[in-house]
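# Observations on the model geometry
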Amino acid sequence: MSTPSSPPTTTAEDATARGERPAADLRQRVYDSPKEQAIKYALGACAFISVLTTLGIAAVLIIESIPFFQSVPFSEFFGDTRWTPQFADKHFGIWALLSGTLLVTVISAVVALPVGLASAIFISEYASKWVRKVLKPGLELLAGVPTVVYGYFALTFVTPLLQAAIPGLGVYNALSGGIVVGIMIIPMVASLSEDALQAVPDSLGAAAYALGSTKYEAVVRVKVPAAFGGIMASFILAVSRAIGETMIVTLAAGATPKLTLDPRESIQAMTAFIVQVSKGDTPQGTIEYQSIFAVGLVLFLITLAMNIVANRITRRYQEQY
Amino acid sequence: MPTNESTEDAPRTPPPASAEEPSANGRPDASERPDTESSAAGGEAPTEPAMKPKLNINDLHFWYGDNHALQGITMDIQPHKVTALIGPSGCGKSTLLRCLNRMNELIQGTTLEGTILVDGQDIYAENTDPVMVRRRVGMVFQKPNPFPKTIYKNVAWGAEINGYTGDIDALVERSLRQAALWDEVKDRLHTNALDLSGGQQQRLCIARTLAVQPDVVLMDEPASALDPIATSKVEETITELKKDYTIVIVTHNMQQASRISDETAFLYMGRLIEMNPTDQLFTRPEKDRTEAYVTGRFG
Ligand SMILES: Nc1ncnc2c1ncn2[C@@H]1O[C@H](COP(=O)(O)OP(=O)(O)OP(=O)(O)O)[C@@H](O)[C@H]1O
Ligand SMILES: [Mg+2]
């Protein structure tokens, strides 16, 4: 800002010639010049694309699910326990799908949160420089594996393994899908939690050591609590990722909507149902087709809520240090 | 407490049995312990020069990689005194301080040679646990660094992890009083420590260090981030503390060194140039370089 491109006054040039700094022309418009304005609006437009997309998605989901809710009342949607759009006796009880999604999500969280956090602690606090150099890219690689590959991994590796351990386990079951979704989100938990731990100032660790703490005490009783906000946010973002996960549950968890909490059962997750209907030959305009928008809307609202909560938590703990 | 580690050094500098006792029986009341110690010391050696040094640093060398930061430091630090370390920036004051409670080990690629004895025990002996050393030799940092927890938890933290079994409430109050902070925070003990002012935070850090009940308190420019009023509060606190603790303080402020310290050590380029009682070092320095530094002609 303090380098005006063309100060046209002769006095300024004289001053430069004498080796002095030219007097700045204070009336020059630099701060809010047309160029600055243009940049501002261009950046703003980019930022608004994502906001508009989100609003657009919400609008489509709401508009498209109106006809569905005109024929299926809320009382059935939230009160019934069966989801049988393909049958003659149609039922639209979202709990049958929601429970499948929740089951897979809970299993994945049980796998991913402890393992992810432990990995984050190890990488951030215990690993030598060399080990960290190998582990971090390794994790990022894991995060880049296409989910369809994870789906086949579940179906052809994890499920047979589980079948050997649990007699009578079917080919499609919530457990296998949940475990592999968990493995899929470990890198997310680990990487975001590690960032949160790294953001804790070293001075806090030094203070803990100077008070005679062991490494474990310094990590678990100072650093992890100090990074709590970031760690929670990583958990919630990872879980909302698990809720939205589609390929793995479509391939490995089954296609039988069922209100159950038994991880050995074949279930159908909400996302898997949407895939099944939209890739199938279900004609548009049928109630079955309309139902995927209602399911999508529920899914959207859940993940939206979780992201808002994650945001709140991060913001609340951000000012901590 | 590492009483068992003293066997090697015992012949050289036999500590009086009573001086060992307070640390051996776990966590004695801080207000009582100094009496025990001084009366024991007073009975045997009433005059100052005969006092056994609290810390004994012998031919200490320290390297950061290839950087030979301390080049053969030898000095004694007397109990219940404030010892100031002065010298130009980069001369090794902080390094020396961190050697005294093994905080330097947390920096990778460092090497140490020489010995440091606390009450005659070698803190770098093979069987000495750095965690135990740090409980005995506490440290206050240049920038206040309270934990993002409540005031109460900040003070109680060190005692809790060290398995303190006494009355934590009483310990917290006593430590905060010793750090001259109690009156300002007694009604808000359970609010976040980060809401305190910088000077209050620094006194909280002092209280937190005292709550572990160390013998020695190291302070690295504890007042450099503070305004004059907060500084004078911290200085008052330090002067109060020397009754119960041995204090080593790094400072860039000559007035501060002369106000609060009993002994002053002048370091220059990793070497100890001169160590003498503070008034002598400032008024009748032995070395020209010391005089040049304390009178502001260089550094
Ligand atoms: N963490 C570190 N890693 C590598 N070198 C270091 C480190 N800390 C200090 N040094 C080096 O050791 C030497 C002594 O530094 P030290 O911090 O002890 O000086 P100081 O007297 O405390 O200076 P100041 O008054 O500026 O705090 C310097 O050359 C410094 O560059
Ligand atoms: Mg320093």
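The text that follows walks through the structure, step by step, so that each part is easy to find.

Calculation rules
- Residues numbered from 1 in each chain as written.
- Chains lettered and ligands numbered in written order.
- Predicted model: local features only at pLDDT ≥ 70, side-chain atom pairs only at ≥ 80, totals over all residues.
- Heavy atoms only, no water.
- Near = heavy atom within 4 Å.
- Polar contact = N/O pair within 3.5 Å; in protein donor to acceptor, adjacent residues only side chain to side chain.
- Areas by Shrake-Rupley, 256 points an atom, 1.4 Å probe, with all protein chains shown as cover.
- Helix = DSSP H or I, 4+ residues; strand = E, 2+ residues; numbered from the N terminus.
- Nonpolar A, V, L, I, M, F, W, Y, C, P; charged D, E, K, R; others polar.
- Pairing = 2+ DSSP bridges.
- Axes fitted to C-alpha atoms, helices over the stretch in contact; angles between N-to-C directions.
- Contact = heavy atoms within 4.5 Å.

### Concerning the site of ligand 1
Residues and elements named next belong to chain B. Around ligand 1, the structure places 14 residues, and the nearest of them are S89, K93, S94, T95 and H252. One of the side-chain N or O atoms of N67 is found 3.3 Å from an oxygen atom in ligand 1. One of the backbone N or O atoms of G92 is found 3.0 Å from an oxygen atom in ligand 1. Relative to its unbound accessible surface of 630 Å², ligand 1 loses 64% to contact with the protein. Only strand 2 (67-77) and helix 3 (93-99) provide two or more residues apiece to the shell around ligand 1. Looking at the shell around ligand 1, the element that brings in the most residues is helix 3, giving 4 residues. Within the shell around ligand 1, the residues separate by chemical class into 4 nonpolar, 7 polar and 3 charged.

### A short note on the sheet that holds strand 3 (residues 82-86) of chain B
Residue and element names in this part refer to chain B. Pairing is mixed in the open sheet, where 6 strands are placed in the order 6-7-8-3-9-10. Pairing within the sheet leaves two strands with one partner each, and these edge strands are strand 6 (137-140) and strand 10 (271-277). Strand-to-strand twist across the sheet, computed as the mean angle between neighbouring axes with direction ignored, equals 20°. Alignment of strand 9 (residues 263-268) against strand 10, held across 6 bridges, turns out to be antiparallel. When the bridges of strand 10 are listed, T264 appears paired with N276.

### Looking at the environment of E245 of chain A
Residue and element names in this part refer to chain A. Structurally, the position occupied by E245 is in the loop between helix 10 (228-244) and helix 11 (247-252). In sequence terms E245 and T271 are 26 residues apart; their C-alpha atoms lie 7.1 Å from each other. Excluding residues within four positions of it along the chain, E245 makes contact with T147, V181, M184 and T271.

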